[in-house]
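Examination of the molecular architecture
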Amino acid sequence: MMKKGLLISLVLFVLTACQPAQPQADLVWPDQVGPGRAISQADKEPVSQDPADKPAYLAPLGRPGQACIQAAGDYRNYYEIYVASFYDSDGDGIGDLNGIRQKLDYIVDMGFTGIWLMPIHPSNTYHKYDVKDYYAIDPTYGTMADMEALIADCQARNVALIIDLVVNHTGDDHAWFQEAVRYLKSLSPDREARLEDCPYLGYYYFTRDSAKGSSYHQIAGSDWYYEGVFWDQMPDLNLDNPDLRQELKAVMEFWLDKGISGFRLDAVKEYYSSRRSKNIEFLTWLVQAARDKKPDVYLVGENWDTFAEIGQYYKSGLPSLFNFALATAEGKVAQVVNGKPNHTAKSFVEAMVKINQTFSQNNPYYMDGLFIANHDNVRMANYFNGDQNKIKMAAGMYLTMTGVSFTYYGEEIGMVSSGTKDENKRTAMVWGLEAEGQTQDPVGTEDFDQTGLSVADQVGEEDSLIRYYQRALHLRQDIPALAAGQVRVLEAYSGQVVAGVEKTWQDQTIQVFYNISNQVQSLDLVEDSWQDQEIIGALTVKSEDYPGWQNKTLTLPPYSIIVLGEK
Ligand code: CA
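Residues numbered from 1 in each chain as written. Predicted model: local features only at pLDDT ≥ 70, side-chain atom pairs only at ≥ 80, totals over all residues. Heavy atoms only, no water.

1. A closer look at the overall build of the chain
Short version of the rule: Put simply, DSSP H or I for four residues or longer makes a helix, DSSP E for two residues or longer makes a strand, and each gets a number counted from the N terminus. Relative accessibility thresholds used throughout: buried, under 20% of the residue-type maximum; exposed, over 50%; partly exposed, between the two (1.4 Å probe, protein chains only). Any two residues whose heavy atoms approach within 4.5 Å are treated as being in contact. Values of accessible area rely on a 1.4 Å probe in the Shrake-Rupley scheme; residue burial ignores everything except the protein chains shown.
Counting its regular elements, the chain contains 14 helices and 19 strands. Within the chain, buried positions represent 59% of all 567 residues. Long-range pairs, those at least 24 residues apart, make up 67% of the contacts in the chain with a sequence separation of at least 6. About 22600 Å² of surface is accessible on the chain, with carbon and sulfur atoms providing 48% of the total.

As structure tokens, this is what we get:
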């Protein structure tokens with residue numbers, strides 16, 4: 001049973017969620033260190049609806065009068081949800097769409113302004129990346145009416161909702177594939193297959209050549225083979241087929257008509273098995289097809305590849321690609337926090353500039369897809385052996401970078417994974433409320449201890465990880481230049497453990513300083529133009545740690561991030 005004190009704090013936590021215009025208490029800083037700034041929605045400039053008033057950097061879509069990116073509000077904070085493990089509304093132990101609706105207050109109160117749902121379509125696997133029907137909802141997750149209700153709830157809260165679009169392959173039980181297989185099995189060995197007889201033949205890669213290699217699988221009871229690079233139950237789609245492209249366009253239109261904001265594009269590198277120019281050609285078509293329907297559609301692509309290779313894919317016009325160079329234990333953020341050789345604080349802020357130079361070459365309107373771990377990666381808390389200070393520092397670092405952020409459910413409470421088995425990275429969200437909403441782990445999960453504290457354990461604790469995430473996410477929303485600003489390295493103040501950048505967004509200019517060490521650091525800031533700046537935001541790992549700003553000296557507590565700006 002839950003302790004009474006925890007229940008009270010949880011109730012308070014939920015209550016604050018219903019008052020988004022109220023400043024968050026935890027964002028207000030004591031007077032002696034310069035008051036913090038919690039900007040309410042009411043303080044913000046109204047967003048103009050006139051395309052002519054759009055800021056100059058916004059992307060033209062190739063046609064006058066349209067912009068693909070609206071405002072600083074498009075630099076959203078997304079929350080990635082594996083539905084089955086999130087929140088169960090009907091007691092069957094499987095998370096569902098109504099469960100997400102029930103936790104929407106939690107999501108909004110945390111500071112998330114977007115949700116990415118991993119696949120929701122009918123599928124025979126627990127992860128659902130092999131789609132059986134793009135137009136339906138998996139019955140274990142709910143109904144189409146439940147999805148429509150979730151979309152309406154998200155719209156009412158100004159939460160962007162995107163869903164996984166998996167078009168590299170389908171499930172082998174998809175009707176297109178089944179139709180084609182039925183036809184091929186009906187052919188006698190001396191007869192050629194004809195597209196006129198079965199158009200779905202053109203949707204996949206079928207052959208009678210038995211020597212095509214291990215990515216081809218035989219259709220039982222026939223002399224035909226098909227390509228399935230990942231798995232025999234995931235036949236690869238032939239994305240050159242014009243009829244298939246029209247089908248996929250119709251799928252996107254169907255969901256955009258329902259009111260979602262866009263799509264997360266699965267495995268874009270695999271579309272044509274790492275043939276970059278072909279992949280980019282298809283993505284270019286897909287981006288335009290989606291924008292024809294919804295000019296401000298948001299799309300983010302998964303190209304799990306090198307930094308340079310990710311950059312190439314911005315040529316497609318995609319607004320975002322996940323920046324894998326930041327993520328995982330080998331990524332830039334974890335390497336810096338773990339003090340690996342050559343990964344200084346300065347190298348972190350230099351990476352911000354390098355990202356901008358590399359990606360903007362191919363799409364000046366790109367928005368970097370910031371994340372540190374997703375459903376395919378070892379969980380973030382594992383990178384730091386449970387060191388709460390380092391976990392917070394890493395979170396603060398990626399959540400203060402310019403771009404669109406993606407936080408994997410459970411990361412905010414420090415959930416861990418075990419080994420490399422995928423199921424172990426997708427285990428049940430730990431709410432800490434006995435039975436209520438609690439899901440079961442995916443079938444196949446190995447037995448390991450979930451060492452992180454539950455949501456209920458953490459929400460009332462000022463120094464908890466979840467509260468740190470909440471502060472960081474709100475800071476991103478409240479200071480537009482933090483999420484959307486152009487970056488310049490402050491060379492004079494950047495070194496081994498401390499580094500600074502200046503960020504500019506429209507008429508807002510801020511300075512952001514990082515202390516990645518476990519010691520207090522101080523900087524003498526000589527620029528006269530900064531003397532009127534105040535501390536407008538700060539992330540510290542302990543609530544008793546206060547930044548100082550006096551007589552041109554900035555004092556940075558251990559593992560802290562300080563934002564100076566005009567009050
Ligand atoms: Ca359920």
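That was the structure; now back to the text.
2. Some thoughts on the packing of aromatic side chains
The line we're drawing: Between 30 and 60 degrees the pair is tilted, below 30 it is stacked and above 60 it is edge-to-face, where a pair is any two Phe, Tyr or Trp rings, Trp via its six-membered ring, whose centres lie within 6.5 Å. Working rule: Lys NZ or Arg CZ, within 6 Å of ring centre, within 35 degrees of ring normal, means a charge sits over the ring.
For the coordinates displayed, the defined rule picks out 37 aromatic pairs. When the ring of tyrosine 79 is compared with that of phenylalanine 112, the centres are 4.3 Å apart and the planes differ by 25°; the resulting orientation is stacked. Here the residue tyrosine 79 occupies a position in strand β1 (residues 77–81), and phenylalanine 112 occupies one in the loop between α3 (104–110) and β2 (114–117), the gap between them amounting to 33 residues. Among the residues examined, tyrosine 79 registers a relative accessible area of 0% and is labelled buried. Site record: aromatic cluster; members linked through ring pairs are Tyr78, Trp116, Tyr298, Trp304, Phe322, Phe324, Phe371 and Phe406. The ring centre of tryptophan 285 lies 5.3 Å from the NZ or CZ of arginine 245, which sits over that ring. The ring of tyrosine 409 has arginine 379 sitting right over it, with the charged end atom 4.8 Å from the ring centre.

3. Some words on the pattern of salt bridges
Spelled out, the test is: Each salt bridge in this description consists of a side-chain nitrogen of Lys or Arg and a carboxyl oxygen of Asp or Glu lying within 4 Å of one another.
One pass over the full model with this rule turns up 30 salt bridges. Of the charged contacts, one joins lysine 128 and aspartate 138 as a salt bridge, the two residues approaching to 3.3 Å between their closest N and O atoms. Of this pair, lysine 128 sits in the loop between β2 and α4 (144–156) while aspartate 138 sits in the loop between β2 and α4, and the two are 10 residues apart along the sequence. Given a relative accessible area of 6%, lysine 128 falls into the buried group.

4. Section: the nonpolar core
Within soluble globular proteins, side chains that are nonpolar tend to cluster in buried spots. To keep things clear, this is the line we draw: Here, nonpolar core means buried Ala, Val, Leu, Ile, Met, Phe, Trp, Tyr and Cys residues that are tied together by side-chain atoms lying within 4.5 Å of each other.
Residues Leu117 and Met147 are the most contacted members of the largest nonpolar core, which totals 158 residues. Looking at this core, the element that brings in the most residues is helix α7 (residues 276–293), giving 8 residues. In contact with leucine 117, other than residues within four places in its own chain, are Ile81, Val83, Leu97, Ile100, Met147, Leu150, Leu161, Ile162, Ile163 and Asp164. The next biggest cluster of nonpolar side chains, apart from the first, holds 14 residues, and it includes Tyr493, Phe513, Trp530 and Leu554.

5. A look at the sheet that holds strand β18 (residues 553–556)
The condition is simple: In short, DSSP must find at least two bridges between two strands for them to pair. To get an axis, a line is fitted to the C-alpha atoms, and for a helix only the part in contact is used. The angle between two axes follows their N-to-C directions and goes from 0 to 180 degrees.
Here 3 strands make up an open sheet; going across it, the order is β15-β18-β17 and the pairing antiparallel. Both edges of this open sheet fall to β15 (521–524) and β17 (548–550), since each of them pairs with a single strand only. Strand-to-strand twist in this sheet, taken as the mean axis angle between neighbours without regard to direction, amounts to 15°.

6. Considering the confidence of the model for the chain
Threshold: On a range of 0 to 100, pLDDT expresses the predictor's confidence in each residue.
For the chain, per-residue confidence averages 88 on the pLDDT scale, and 87% of positions sit at 70 or higher. Confidence drops under pLDDT 50 across residues 1–70; counting only partners more than four residues distant or on other chains, this segment forms 108 contacts.

7. Thoughts on the sheet that holds strand β9 (residues 320–321)
Here 8 strands make up an open sheet; going across it, the order is β9-β8-β7-β3-β2-β1-β11-β10 and the pairing parallel. Each end of this open sheet is capped by a strand with a single partner; those strands are β9 and β10 (369–370). Note: strand β8 (residues 298–301) against β9, 2 bridges, orientation parallel. When the sheet's bridge partners are listed, valine 300 is paired in β9 with serine 320. Strands in contact with helix α6 (residues 242–258) are β3 (160–165) and β7 (262–265); relative to β7, the strand with the most contacts, it is inclined by about 135°. α7 rests against β3, β7 and β8 of the sheet, and its axis sits at about 160° to β8.

8. Considering the coordination of the calcium ion
We count it as follows: Counted as coordinating are nitrogen, oxygen and sulfur atoms within 2.8 Å of the metal, or 3.2 Å for Na, K and Ca, while water is not included, which may make sites look incomplete.
Within the first shell, the calcium ion binds the protein through Asp88 (OD), Asp90 (OD), Asp92 (OD), Ile94 (O) and Asp96 (OD), at distances of 2.2 to 2.4 Å. Site description for the calcium ion: donor spacing in sequence, D-x1-D-x1-D-x1-I-x1-D. Under the relative-accessibility criterion, aspartate 88 is labelled buried at 7%.

9. Things to note about a nonpolar patch on the surface
For the record, the criterion: Nonpolar side chains (Val, Leu, Ile, Met, Phe, Trp, Tyr) within 5 Å and like charges within 9 Å form the patches, drawn only from residues with over 30% relative accessible area and no salt bridge.
Together, Val229, Phe230 and Trp231 make up a nonpolar patch on the protein surface, roughly 260 Å² of accessible area in all. By relative accessible area, valine 229 is classed as partly exposed at 35%.

10. Describing the environment of tryptophan 224
When you line up the elements, tryptophan 224 lands in the loop between β5 (216–218) and β6 (225–227). Residue classification places tryptophan 224 among the buried positions, given a relative accessible area of 7%. Leave out the neighbours within four places in its chain, and tryptophan 224 touches Leu184, Leu187, Ala193, Phe206, Thr207, Arg208, His217, Gln218 and Ile219.

11. Here's the deal with the side chain of aspartate 236
Note the threshold: In summary, the charge assignment counts Lys and Arg as positive and Asp and Glu as negative, without counting His or the chain termini. Here a polar contact means two N or O atoms within 3.5 Å. Within protein one must be a hydrogen donor candidate and the other an acceptor candidate, and residues neighboring in sequence count only if both atoms are side-chain atoms.
Tracing the chain through its elements places aspartate 236 in the loop between β6 and α6. Here aspartate 236 occupies a buried position and makes no salt bridge, while the nearest side chain of opposite charge, arginine 275, is found at 10 Å. Within polar-contact distance, the side chain of aspartate 236 engages the backbone nitrogen of valine 229 at 2.8 Å. Among all residues touching aspartate 236, those that are not within four sequence positions of it are Asn168, His169, Tyr203, Tyr204, Tyr205, Glu227, Gly228, Val229 and Glu270.

12. Some details on the environment of tryptophan 285
Along the chain, tryptophan 285 falls in helix α7. Residues tryptophan 285 and serine 316, spaced 31 residues apart in sequence, show a C-alpha to C-alpha distance of 8.2 Å. Setting aside residues no more than four positions away along its own chain, tryptophan 285 makes contact with Arg245 and Lys249.

13. Looking at the layout of surface pockets
To keep things clear, this is the line we draw: Grid points spaced at 1 Å over the protein atoms alone were grouped into cavities, where a 1.4 Å probe fits but cannot get out, and pockets, open sets with protein on both sides within 12 Å along at least five of seven lines, with lining residues defined by an atom within 4 Å of a point. Grid points are joined across faces, edges and corners, and a volume is the space filled by probe spheres set on the points. Three classes are used, and their members are as follows: Ala, Val, Leu, Ile, Met, Phe, Trp, Tyr, Cys and Pro are nonpolar, Asp, Glu, Lys and Arg are charged, and the others, Gly among them, are polar.
Taken as a whole, the second largest pocket holds about 430 Å³ of empty space. Forming the walls of the second largest pocket are 18 residues, and the residues nearest its centre are Tyr129, Phe230, Asp266, Ala267 and Asp376. Tallied by class, residues from the lining of the second largest pocket come to 6 nonpolar, 5 polar and 7 charged.

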